[in-house]
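# Structural overview
As a plain string of letters, each chain reads:
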Amino acid sequence: MAIKSIHILNVMVFQRQWHKNNGDCKEGEWKAGDSLSQEFQLGFGDGINVLIGENGVGKTTILKMIYAATQWSFEKTNPEKTKRLSDFFSNNLKDSRVLKNANHEEDYCYYKVSDGTHVFEYSLSHDGNFNYDNWIGLDIPSIFIPTTEMLSHAKGFLAMNQKYNMPFDGTQVDIIVNASLPETREIPDSCMNILDEISNVIDGTVILDEDTFYVLKKDGRRIDFSLEAEGLRKLGLLWKLIRNGLLEKGSVLLWDEPEANLNPELYPLVANILLELQKNGVQIFIATHSYNFAKYLEIRRSKKEQVMFHNLYKGTEELSEAIDKSLGINGEDKGEAEVYGGSAYKMEDLRPNHIMMADDRLLDEVYDM
């Protein structure tokens, strides 16, 4: 079961959403007659969905919202973890309503996730769920890999987290829980190939012994996970999740900045692994700042529908003023620049594409030397 769309209104950086009538999303070209919905929305592909954009446009927020929705899809779940949306963002937030957009605290705030048939809605205005009976029982398995590497902190972590107010959000706790699960007995042949590839890079396999993760090297040495290079730890985590049977057909993988602390020479390997997982029926969402990593996914896909790109960006002051004028919004009703979004199967079709712009600026400096 794939996640098909997300709709967000007045949550954190998200306010309203602008749509060009022709489907193209280009900065500064909005005019009267183009459609403007009262919520931010993106439609997703069944394969790999790549979220790009500058800092502060909500890429991680979208990943966490989707993850929270999938976690709420189970009949039996952890009530402490899924009691509030805020748990997935911070362990210190006592009320999900603090996630409201600062300019629209008095307005209705919500986000919705849909599989095309069922809709999960979390209302920040009411600090609770809607359509819960419609959504619960779908049992959508999902894994969220946060940017922060967590397995090196595993020893005693889960016990301490139950007793004390640890400075980690729900996604960071969950990844340790998932990596600590028992290994599955049978692994599909396609996944075995992925495990072999990762094993060759990390020179071994990942084991858990007395609450501590190790890399068991091919020569028999056991290396504490914290002593490995962080990029290799990231691959080791992926190995463990696959070995535990958590990334199989019908599951959803959400990975925040897979390229972080990773040697660029390993970008093709990770891209190939994600493409192979997608072929095996895993729907994937990643947020990235790396043009090279995103481009590897594009050029190595077997068909364009396998990878879809989603561009998040802040509108210019001129664009916001044009929309406000058309809607008759002025004075105190004006807010800060909104976040807009557009989707395409080719990165070059997204405008403005900030990671491409940064790459172009670097090339310009090289040519000017």
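First, a word on scope: everything that follows refers to the structure included in this document.

Thresholds, definitions, all that
- Residues numbered from 1 in each chain as written.
- Predicted model: local features only at pLDDT ≥ 70, side-chain atom pairs only at ≥ 80, totals over all residues.
- Heavy atoms only, no water.
- Helix = DSSP H or I, 4+ residues; strand = E, 2+ residues; numbered from the N terminus.
- Buried < 20%, exposed > 50% of the residue type's maximum accessible area, 1.4 Å probe, protein only.
- Contact = heavy atoms within 4.5 Å.
- Areas by Shrake-Rupley, 256 points an atom, 1.4 Å probe, with all protein chains shown as cover.
- Pairing = 2+ DSSP bridges.
- Axes fitted to C-alpha atoms, helices over the stretch in contact; angles between N-to-C directions.
- Patch = residues over 30% accessible without salt bridge, like charges linked within 9 Å, V, L, I, M, F, W, Y side chains within 5 Å.
- Salt bridge = Lys/Arg side-chain N within 4 Å of Asp/Glu carboxyl O.
- Lys, Arg positive; Asp, Glu negative; His and termini not counted.
- Charge placed at Lys NZ, Arg CZ, Asp CG, Glu CD.
- Phe/Tyr/Trp six-rings, centres within 6.5 Å; stacked < 30°, edge-to-face > 60°.
- Lys NZ or Arg CZ within 6 Å of the ring centre and 35° of its normal.
- Polar contact = N/O pair within 3.5 Å; in protein donor to acceptor, adjacent residues only side chain to side chain.
- Core = buried A, V, L, I, M, F, W, Y, C linked by side-chain atoms within 4.5 Å.
- Parallel < 35°, antiparallel > 145°, perpendicular 65-115°, else oblique.
- Left-handed = near helix turned anticlockwise from the far one by under 90°.
- Nonpolar A, V, L, I, M, F, W, Y, C, P; charged D, E, K, R; others polar.

### Focus on the overall build of the protein chain
Counting its secondary structure elements, the protein chain contains 10 helices and 16 strands. Relative to its full complement of 369 residues, the protein chain shows a buried share of 53%. In the protein chain, the proportion of contacts linking residues at least 24 apart, taken out of those at least 6 apart, comes to 71%. A total accessible area of about 17000 Å² is found for the protein chain, and carbon and sulfur atoms account for 47% of it.

### Regarding the pairing of strand 5 (residues 48-52)
Of all 5 residues making up strand 5, 5 are buried, and the element is well covered by its neighbours. In strand 5, alternate side chains face the same way, and those of Ile48, Val50 and Ile52 on one face and Asn49 and Leu51 on the other are all buried. Taken together, the 4 bridges between strand 5 and strand 14 (residues 283-287) define a ladder with parallel strand orientation. Among the inter-strand pairings, valine 50 is bridged to a residue of strand 14, identified as isoleucine 286. When strand 5 meets strand 15 (residues 307-314), the two strands line up parallel, connected through 5 bridges.

### A few points about the sheet that holds strand 11 (residues 212-217)
Spatial strand order, 10-11-12: 3 strands in an open sheet with antiparallel pairing. Both edges of this open sheet fall to strand 10 (204-209) and strand 12 (222-224), since each of them pairs with a single strand only. Taking each pair of neighbouring strands and ignoring which way they run, the sheet shows an average axis angle of 35°. Taken together, the 6 bridges between strand 10 and strand 11 define a ladder with antiparallel strand orientation. Looking across to strand 11, one finds that aspartate 209 is bridged to threonine 212.

### Considerations on a negative patch on the surface
A cluster of acidic side chains, namely Asp360, Asp364, Glu365 and Asp368, defines a negative patch on the protein surface. Relative to the helices and strands, glutamate 365 is located in helix 10 (residues 354-368).

### Observations concerning helix 4 (residues 170-179)
Where burial is concerned, most of helix 4 is hidden: 9 out of the 10 residues are buried. If you check which residues of helix 4 are buried, you get Gly170, Thr171, Gln172, Val173, Asp174, Ile175, Ile176, Asn178 and Ala179. Contacts from the buried residues of helix 4 go to helix 1 (59-71), strand 9 (142-145), helix 3 (157-163), strand 11 and helix 6 (230-243).

### Regarding unusual backbone geometry
Look at the link from arginine 351 to proline 352: it is a cis peptide, with omega at -10°. The residue proline 352 is located in the loop between strand 16 (339-344) and helix 10 in this model. Positive phi values are uncommon outside glycine, yet glutamate 210 reaches one of about 50°. Tracing the chain through its elements places glutamate 210 in the loop between strand 10 and strand 11. The exposed category is assigned to glutamate 210, whose relative accessible area is 68%. Its identity is not glycine, yet aspartate 211 carries a phi of approximately 75°, on the positive side. Relative to the elements of secondary structure, aspartate 211 occurs in the loop between strand 10 and strand 11.

### Description of the packing of aromatic side chains
Counted according to the given criterion, the structure contains 15 aromatic pairs. Centre to centre, the rings of tyrosine 67 and phenylalanine 144 are 5.6 Å apart; their planes meet at 55°, and the pair counts as tilted. One end of the pair, tyrosine 67, is in helix 1; the other, phenylalanine 144, is in strand 9, with 77 residues separating them in the sequence. Across the pair, exposure class does not vary: tyrosine 67 and phenylalanine 144 are buried alike. Seen from their ring centres, tryptophan 72 and phenylalanine 120 are 5.4 Å apart, and the 25° between their planes marks the pair as stacked. One end of the pair, tryptophan 72, is in the loop between helix 1 and strand 6 (110-114); the other, phenylalanine 120, is in strand 7 (residues 119-123), with 48 residues separating them in the sequence. Taking the relative accessible area as the measure of exposure, phenylalanine 120 reaches 0% and is therefore buried. Following the ring pairs from residue to residue traces out a cluster consisting of Tyr67, Trp72, Phe88, Tyr111, Phe120, Tyr122, Trp135 and Phe144. Across from the ring centre of tyrosine 214, 4.4 Å away, lies the NZ or CZ of arginine 222, which sits over that ring.

### Quick notes on the side chain of histidine 310
Assignment of secondary structure puts histidine 310 in strand 15. Under the relative-accessibility criterion, histidine 310 is labelled buried at 0%. Among the polar contacts listed, one links the side chain of histidine 310 to the side chain of serine 343, at a separation of 2.7 Å. Residues contacting histidine 310, with those up to four places away along its chain left out, are Leu42, Gly43, Phe44, Asn49, Val50, Leu51, Ile52, Gly342, Ser343 and Leu350.

### Describing the nonpolar core
In terms of nonpolar packing, the biggest core is built from 59 residues, with Leu253, Leu274, Leu277 and Leu297 touching the most fellow members. Looking at this core, the element that brings in the most residues is helix 7 (residues 267-279), giving 8 residues. If you look at the next biggest cluster of nonpolar residues, it comprises 38 residues, including Phe14, Val57, Met65 and Phe285.

### Considerations on the packing of helix 5 (residues 189-202) against helix 7
Relative orientation of the contacting elements helix 5 and helix 7 amounts to 165°, with a least axis distance of 10 Å. Compared by their axis directions, helix 5 and helix 7 come out roughly antiparallel. You can see that helix 5 and helix 7 cross each other, and the crossing is left-handed. Of helix 7, the residues touching helix 5 (which contributes Ser190, Ile194, Glu197, Ile198 and Val201) are Leu269, Ile273, Glu276 and Leu277. The residue inventory of the contact of helix 5 with helix 7, partitioned by class, reads 6 nonpolar, 1 polar and 2 charged.

So yeah, pure geometry; function would need other evidence.
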